[in-house]
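Summary of structural features
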Amino acid sequence: MTTSDLEHLISKRAAARYSSHFSQNTAPAHIKAHPEPLSLGGGMPHYGFFPVESIAVHLTDAPFSDKKLETLKADSKSKNPVIIPKVTDRPDDIIDLKNGLQYSYIQGLKPLLLFLKEFVQKVYPPAYNDWEVVLNNGAGNGLNKVCDLFLDPGDVVLVEEFTFTPFLQSVENCGGIPIPIKLDFQGKGLDYNHLKYELENWEILHPGLPLPKFLYTIPTGQNPTGLTQPLELRKKIYKLAEKFDFGILEDDPYGYLTLPPYKDVKSGKFDVDAPVTVDNFVKELAPSYLTIDTSKRVVRVETFSKVFAPGLRLGYIIANKSFIKAINNYSNISTRSPSGPSQFLVNNVIQHLGGIDGWLEWIIKVRREYIIRRNVMLDALYASDAYKKNLITVIDPDAGMFITVVINYDKSKYTPAEYKQLTSKNLFYKTIENGVAVVHGPNMAFDNLADEHCNFVRLTIASPPDHATITEATNRFTKSVEELFEEIEKT
Ligand SMILES: Cc1ncc(COP(=O)(O)O)c(C=O)c1O
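Conventions adopted
Residues numbered from 1 in each chain as written. Predicted model: local features only at pLDDT ≥ 70, side-chain atom pairs only at ≥ 80, totals over all residues. Heavy atoms only, no water. Helix = DSSP H or I, 4+ residues; strand = E, 2+ residues; numbered from the N terminus. Rg over C-alpha atoms; globule rule 2.2 N^0.38 Å. Buried < 20%, exposed > 50% of the residue type's maximum accessible area, 1.4 Å probe, protein only. Contact = heavy atoms within 4.5 Å. Areas by Shrake-Rupley, 256 points an atom, 1.4 Å probe, with all protein chains shown as cover. Lys, Arg positive; Asp, Glu negative; His and termini not counted. Charge placed at Lys NZ, Arg CZ, Asp CG, Glu CD. Expected span 1.5 Å × (residues − 1). Domains from an automatic or database assignment. Buried area = accessible area lost by both parts, 1.4 Å probe. Salt bridge = Lys/Arg side-chain N within 4 Å of Asp/Glu carboxyl O. Polar contact = N/O pair within 3.5 Å; in protein donor to acceptor, adjacent residues only side chain to side chain. Pairing = 2+ DSSP bridges. Axes fitted to C-alpha atoms, helices over the stretch in contact; angles between N-to-C directions. Phe/Tyr/Trp six-rings, centres within 6.5 Å; stacked < 30°, edge-to-face > 60°. Lys NZ or Arg CZ within 6 Å of the ring centre and 35° of its normal.

When its secondary structure is counted, the protein chain shows 17 helices and 15 strands. The C-alpha radius of gyration computed for the protein chain amounts to 25 Å, which stays within 12% of the reference 23 Å derived for 491 residues, consistent with globular compactness. Overall, the C-alpha framework of the protein chain stretches about 90 × 70 × 40 Å when taken along its three principal axes. Within the protein chain, buried positions represent 52% of all 491 residues. Pairs at least 24 apart in sequence give 74% of the contacts found in the protein chain among residues at least 6 apart. Of the accessible surface of the protein chain, which amounts to about 22,900 Å², a share of 54% is contributed by carbon and sulfur atoms. Distance from the positive charge centre (53 side chains) to the negative charge centre (59 side chains) of the protein chain: 2 Å.

This is the structure in structure tokens:
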């Protein structure tokens, strides 16, 4: 029977778990508790044992503005550091060292959870009320926990044909079976017609396999393709999820890095230096599946990796209460609570910046740098001989930190298996010789279904130290493509 929180989708393993601790006892109601009990219970070292008295965090004004900070200008933020005290007098907003360095709640520390509840409500308001947030150790960890939530051995999960491949290992770890769904490179991400066809013909196409438990999708700034599903497509996919009763795992690390079209930035229609209000920024974000989730089947995985720093290992999951309870029970036996220092760093910096609006203003600055970098790379790609000779096609990403470059092999001359080989071997060798690292499409393919589209590479705008390096690295890449074509024309 279907329950309101779709508990029937929870794996048997996750549903059977319970949470208990040897320090927890509940007295019957007739026992009157002492009003001021002392604890000789849990082995939590008193904060007097902690070797740190306070921490001062010096913030940068904007991405890549550290050099300005080094000059210690009078108005610099470094004169106004975020102080993380041993004990705060604002325990509702600030996480102090007393709590942040202590054993703590599996779900995360209260000030940050409260912030996230308000933040999600503002940015991606779910279509129902009693949703929950839980902090965890980054999106990779979140994905693993959601696999545990849904998958028993033999259960099926639908995945995009090119995807964040570490997810597949989490599926395998639970004994799950991933089935690929095509991406529409000309369209906007997941190929709806293929998804529908698979589901409507499931028994013929996958005899003996159960219907999928959930769909794993990266709907905004898809990794690797950079494509973003429009709301209409999301609604249609959601309808299929309701009809065939599966969950949707929305992995959205790149949602805040929305990129206006290259041509709009070049023509000045979109001015990167024009002030952006927080409300306009939020309005222009691609809407989360949560906003249409009337039947509580969406699990959204978020991370601080791309907008704060990946070394924090901090992210969060939003889902219905029953799903969150099952996820907490798994955290209890695996990661336990997320790192306290990561939580106090993120929470107190956000509070220092002014809460939701201040945090979004930082994100807008990060996004601005990504827009500029995306244009620097596209400038170099479009100026290249490889582009002028039509050896490459460039996909202008809607969001995120990746640009997909399709290699235009003569498809009448090569089979998909051959151009897959040309990309992952011959082009790879050329890039090594020319001194540029890229991700070759075949490495992010789920299986042979993807061969037809394997003729691409993924270039990142995130890691180069400056714009000149982006241009130089891109030139090395396009030179590699040209050399590859010269070589294959000779054979
Ligand atoms: C699509 C996708 N999901 C998840 C992750 C993992 O993120 P995190 O650093 O939060 O574990 C990444 C990281 O690159 C990613 O691209």
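Its 14 residues place the ends of helix H13 (residues 340–353) 20 Å apart at the C-alpha level, agreeing with the 20 Å of an ideal helix rising 1.5 Å per residue. Turning to H13, its buried residues number three or more, namely Gly340, Ser342, Gln343, Phe344, Val346, Asn347, Asn348, Val349 and Ile350. Summarising the contacts, the buried residues of H13 are in contact with strand S1 (55–57), strand S2 (82–84), helix H3 (97–100), helix H4 (110–123), strand S3 (131–136) and helix H14 (355–383). One or two residues past the end of H13 sits Gly354, with phi positive at roughly 115°.

Moving on, we get to the domain arrangement of the protein chain. Split by domain assignment, the protein chain resolves into domain 1 (97–366) and domain 2 (371–490). Taking only C-alpha atoms, the centre of domain 1 and the centre of domain 2 are 28 Å apart. On the domain 2 side, the residues contacting the 34 residues of domain 1 number 29 residues. Carbon and sulfur atoms supply 65% of the area that domain 1 and domain 2 bury against each other, a total of about 2,800 Å² over both sides. For the domain 1 face of the interface with domain 2, the top three residues by lost area are Phe162, Leu259 and Tyr262, together amounting to 27%. Taken together, the links from domain 1 to domain 2 amount to two salt bridges. Where Asp379 meets Lys266, a salt bridge forms, and the shortest distance between an N and an O atom there is 2.9 Å. Where domain 1 meets domain 2, there are 14 residue pairs in polar contact (both at pLDDT 80 or more). Sorting the residues of the side of domain 1 that touches domain 2 by element identifies strand S4 (156–160), strand S5 (177–181) and helix H10 (262–267) as the ones contributing at least two each.

The strand order S12-S13-S15-S14 describes an open sheet built from four strands, whose pairing is antiparallel. Edge positions in the sheet fall to strand S12 (392–395) and strand S14 (439–440), since each has one partner strand and no second. Relative to strand S15 (residues 456–460), S14 runs antiparallel, the two being bridged by two bridges. Paired with Val439 across the strands is Arg458, a residue of S15. The strands touched by H14 are S12, strand S13 (402–407) and S15; relative to S13, the strand with the most contacts, the crossing angle is about 15°.

Quick look at the packing of aromatic side chains now. Scanning all chains against the criterion turns up 20 aromatic pairs. Consider the rings of Phe428 and Tyr429, whose centres lie 5.9 Å apart with planes at 45°: the pair is tilted. Take Phe428: its relative accessible area is 33%, and that puts it in the partly exposed class. Through a chain of ring-to-ring contacts, three or more aromatic side chains come together here, namely Phe150, Phe167, Phe214, Tyr216 and Phe323. Between Arg300 and the ring centre of Tyr124, over which it is positioned, the NZ or CZ distance is 4.0 Å.

A separate point is the sheet that holds strand S9 (residues 247–251). Across the sheet, seven strands lie side by side as S3-S11-S10-S9-S8-S4-S5; this open sheet has mixed pairing. If you trace the sheet from one side to the other, it starts and ends with S3 and S5, each paired once. Strand after strand, the sheet turns through a mean of 20° between neighbouring axes, direction not considered. The sheet contact formed by S4 and S5 spans five bridges and is parallel. The partner of Val157 across the bridge, within S5, is Pro178. Relative to the sheet, helix H6 (residues 166–173) contacts S4, S5, strand S8 (214–217) and S9, its axis offset from that of S4 by approximately 175°.

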